[in-house]
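# Structural description and commentary
The chain contents come next:
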Amino acid sequence: MELRSKKIVENREDIYWERFGLWHAMGLTKEEFDAPLIGVANCWNEALPGSYHLRELAQRVKDGIRRAGGTPFEFHTIAICDGVAQGHVGMKYVLPSREIIAASVELMVEAHQFDAVVAIATCDKIVPGMLMALGRMNLPSIVLTGGYMLPGNYKGELVLASTITKKYGEVLTGKMSKEDYVKLAHSACPTCGACPGIWTANTMCVMTEALGMSLTGNSTTPAVGARISEMAYNAGKTVMRLLEKDIRPSDIMTREAFENAIMTLMAVGGSTNAVMHLTAIAHELGIEIPIDLFNEFSRRIPTICGMAPTTDKYSMKDLDEAGGLPAVWKEIEDELNLDALTVSGKTVGEIIKEADGIYGGVIRRRSEPFYREGGIAILRGNLAPDGAVVKASAVSESMLTHEGEAKVFDREEDAMEAVMKGRVEEGDVLVIRYEGPKGGPGMREMYDILQVLDGMGLSSSVALVTDGRFSGSNRGGAIGHVSPEAAEGGPIALVRDGDIIRIDIPKRSLHVEISEEEMKERRENWRPPERRLRRGVLRRYQMLALSASKGAGYEF
């Protein structure tokens, strides 16, 4: 196998010995220096429960690399906790971090000319950021996703991190005491790892396995215990095999693999954020994923998994015990591209042949789904000409079609204040705008407000439409990613209090009852609010970010 770390020193003894000399300062031997050099991109830190345990897993990855004859070099990238950043200005920085993560991995790997890469990640923006980098560099690579935290339990009921915010709505309405609320908060997150619903973190871990970039079973392995340690060791060994055989991300993350991922997304009822993440990852590989492709598969693939938020009964632990992703694939086998290759060396079809699923609980038969269509739907109409996204499997039957008066807010905080002060009524359609990629900037998640509405019993009667995003844990009539966004003069910028908004999820429609003449007049009088930043990462993101319908990445 040709190693690029050796090619750059051919006929250049000066480069060879200078590189060796600098790394010898760290104790590296010539034998190690002459071996394949493997970058280990880790996102360990002490600010994020999904990354807190990854230092130990990185050691096992490096053990596997050394066992297979390579020399590992671990380096770190940033990792932000969406939950900790929720509900305040910190959330503006979360989505832009995806671009920084991808760039930082690219910078380290390309500057040091590593031969292959193992990316270790668990949570929302880190996993897609790593995949974007791997697709961009196209070196032999594998992803180790770090596993989910074990679910919490309070008074015999499943409790997750999202339960904390949801139950605050019950505190506000007097259904729950403050004392019980505090005890519940202490019970919700018993271990490190990704929050155990099929929220954005676990959705993207599942997408990684569905794309073929992680080992079989990785996405449903818990963050604690022997299995994740063994998975890490095997990931280290596997990257050496990929390097030897010169198997690259472009050989694995093909268009067929992305189609498999989208079908898997529909089947598991995954996060709406996967729409823009998959689009952005594909873009790095020169694959264009039109947003309407999600609708095509949503019509064909029903939601057959019931992890939160589709139901309150199941978590990723249940999916693991029911057979994991291969068991899900077995139910939609006739739709999948079975020849798609995975880092394990097996095809999707070969993995399905070994599947052993338990059906009737967290995984249902295709003929008896949790929701008759895929978990995600793309809506269009005069309010969202370029599309909007809804997690249809988490919408109550009564909200699949809804018509109501708009209550318009130009910031998440203003809408939250209205909810807290009781100014939101059944039937309303909350419109929160100027929260898109450029308008926020940063495209915040409208997480808190939806959780509180749910806790107040309003998620089945109040809709929310925004050019911002939602958490994968949110449920209800929540329609996000409205494109074009308000800051770019999209129709959502022209909506006024009292306008009638019609939502029809089965017909994939999002419409505001404004005539074309009225819309034109409002557009002529519209002026964008002054939100330009003078410096910092948000300014750069505001300048470069694409529309949510195109992945909300940088426009280069």
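Our subject is the structure listed above.
## Describing the side chain of glutamate 373
Considering the arrangement of structural elements, one finds glutamate 373 in the loop between α18 (348–353) and β7 (377–381). Glutamate 373 gets classed as buried once you look at its relative accessible area, which sits at 13%. A polar atom in the side chain of glutamate 373 sits 2.9 Å from the side chain of arginine 508. Among all residues touching glutamate 373, those that are not within four sequence positions of it are Ser298, Arg299, Ile301, Pro302, Thr303 and Arg508.

## Focus on the packing of helix α13 (residues 255–268) against helix α17 (residues 324–331)
Where α13 meets α17, the axes come as close as 10 Å, and the angle between the chain directions of the two elements is 95°. Viewed along their axes, α13 and α17 adopt a mutual orientation that is roughly perpendicular. Along its contact with α13, which presents Thr264, Ala267 and Val268, the element α17 presents Leu325, Val328 and Trp329. Broken down by class, the residue content of the contact of α13 with α17 amounts to 5 nonpolar, 1 polar and no charged.

## Structural notes on the nonpolar core
Membership of the largest hydrophobic core comes to 117 residues, with the highest contact counts inside it found for Ile126, Met130, Phe258, Leu278, Phe294, Val328 and Ile363. No other element matches the 9 residues that α13 contributes to this core. The next biggest cluster of nonpolar side chains, apart from the first, holds 32 residues, and it includes Ala406, Val408, Leu494 and Ile514.

## A word on unusual backbone geometry
Following glycine 440, the chain continues into proline 441 via a peptide bond in cis, with omega recorded as -15°. The residue proline 441 is located in the loop between β10 (429–432) and α20 (447–455) in this model. Put simply, serine 483 and proline 484 share a cis peptide bond, and its omega is 0°. Checked against the element boundaries, proline 484 lands in the loop between β12 (478–483) and β13 (500–504). Residue arginine 508 is not a glycine yet carries a positive backbone phi of 60°. Mapped onto the secondary structure, arginine 508 falls in the loop between β13 and β14 (509–512). Residue arginine 508 is classed as buried on the basis of its relative accessible area, which comes to 8%. A positive phi angle, near 55°, is found at alanine 552, a position not held by glycine. Turning to its location among the elements, alanine 552 is positioned in the segment after α22 (537–544).

## Topic: empty space enclosed by the protein
Counted by the stated rule, this structure contains 5 cavities of 30 Å³ or more. Taken as a whole, the largest cavity spans an internal volume of roughly 70 Å³. Lining the largest cavity we find Thr272, Lys391, Ala394, Phe470, Ser471, Asn474, Arg475, Gly476 and Ala478. Among the residues making up the lining of the largest cavity, the classes are represented as 3 nonpolar, 4 polar and 2 charged.

## Regarding the environment of lysine 155
By secondary structure assignment, the location of lysine 155 is in the loop between β5 (152–154) and β6 (157–159). Given the relative accessible area of 62%, lysine 155 is considered exposed. The spatial distance from the C-alpha of lysine 155 to the C-alpha of leucine 184 is 8.8 Å, given a sequence separation of 29 residues.

## A word on the environment of proline 49
With respect to the helices and strands, the residue proline 49 is situated in the loop between β1 (37–42) and α4 (54–67). Expressed as a C-alpha distance, the spacing of proline 49 and glycine 87, which sit 38 residues apart in the sequence, is 18 Å. Contacts of proline 49, omitting those with residues within four sequence positions, involve Cys81, Met149, Cys192 and Gly193.

## Regarding helix α8 (residues 161–172)
When α8 is considered as a whole, its buried residues turn out to be Ser162, Thr163, Thr165, Lys166, Lys167, Gly169, Glu170 and Val171. Of the surrounding elements, those touching the buried residues of α8 are β6, α9 (178–187) and α20. Positive phi appears at glycine 174, one or two residues downstream of α8, with a value of about 80°.

## So, the state of the cysteines
Across all of its chains, the model carries 0 disulfides by this definition. As a non-bridged cysteine, cysteine 81 has cysteine 123 as the owner of its nearest cysteine sulfur, 6.5 Å distant. Here cysteine 81 falls in the buried class, since its relative accessible area comes to 16%. Cysteine 189 forms no disulfide, and the closest cysteine sulfur to it belongs to cysteine 195, at a distance of 5.6 Å.

## Thoughts on a nonpolar patch on the surface
There is a patch of nonpolar side chains on the surface, built from Ile78, Val89, Tyr93, Ile100 and Val537 and spanning about 380 Å² of accessible area. Assignment of secondary structure puts valine 537 in helix α22. On the accessibility criterion, valine 537 (31% relative accessible area) is partly exposed.

## Points about the layout of surface pockets
One way to see where empty space is left: roll a probe the size of a water molecule over the atoms. Volume-wise, the largest pocket comes out at about 500 Å³. Every residue lining the largest pocket is counted, 30 residues in all, and those nearest its centre are Gly83, Val84, Ala161, Cys195 and Tyr447. Elements with a contribution of two residues or more to the lining of the largest pocket: α5 (82–85), α8 and α20. Across the lining of the largest pocket, the residue classes tally to 18 nonpolar, 8 polar and 4 charged. When residues are assigned to domains, the lining of the largest pocket turns out to be shared by domain 1 (35–151 + 190–354) and domain 2 (377–550), each giving three or more.

About the cut-offs
Residues numbered from 1 in each chain as written. Predicted model: local features only at pLDDT ≥ 70, side-chain atom pairs only at ≥ 80, totals over all residues. Heavy atoms only, no water. Helix = DSSP H or I, 4+ residues; strand = E, 2+ residues; numbered from the N terminus. Buried < 20%, exposed > 50% of the residue type's maximum accessible area, 1.4 Å probe, protein only. Polar contact = N/O pair within 3.5 Å; in protein donor to acceptor, adjacent residues only side chain to side chain. Contact = heavy atoms within 4.5 Å. Axes fitted to C-alpha atoms, helices over the stretch in contact; angles between N-to-C directions. Parallel < 35°, antiparallel > 145°, perpendicular 65-115°, else oblique. Nonpolar A, V, L, I, M, F, W, Y, C, P; charged D, E, K, R; others polar. Core = buried A, V, L, I, M, F, W, Y, C linked by side-chain atoms within 4.5 Å. 1 Å grid on protein atoms, 1.4 Å probe; cavity = no way out; pocket = protein on both sides within 12 Å on 5 of 7 lines; lining within 4 Å. Points joined across faces, edges and corners; volume = space filled by probe spheres on them. Disulfide = S-S within 2.5 Å. Patch = residues over 30% accessible without salt bridge, like charges linked within 9 Å, V, L, I, M, F, W, Y side chains within 5 Å. Areas by Shrake-Rupley, 256 points an atom, 1.4 Å probe, with all protein chains shown as cover. Salt bridge = Lys/Arg side-chain N within 4 Å of Asp/Glu carboxyl O. Domains from an automatic or database assignment.

Treat this as a map of the structure, not an account of what it does.
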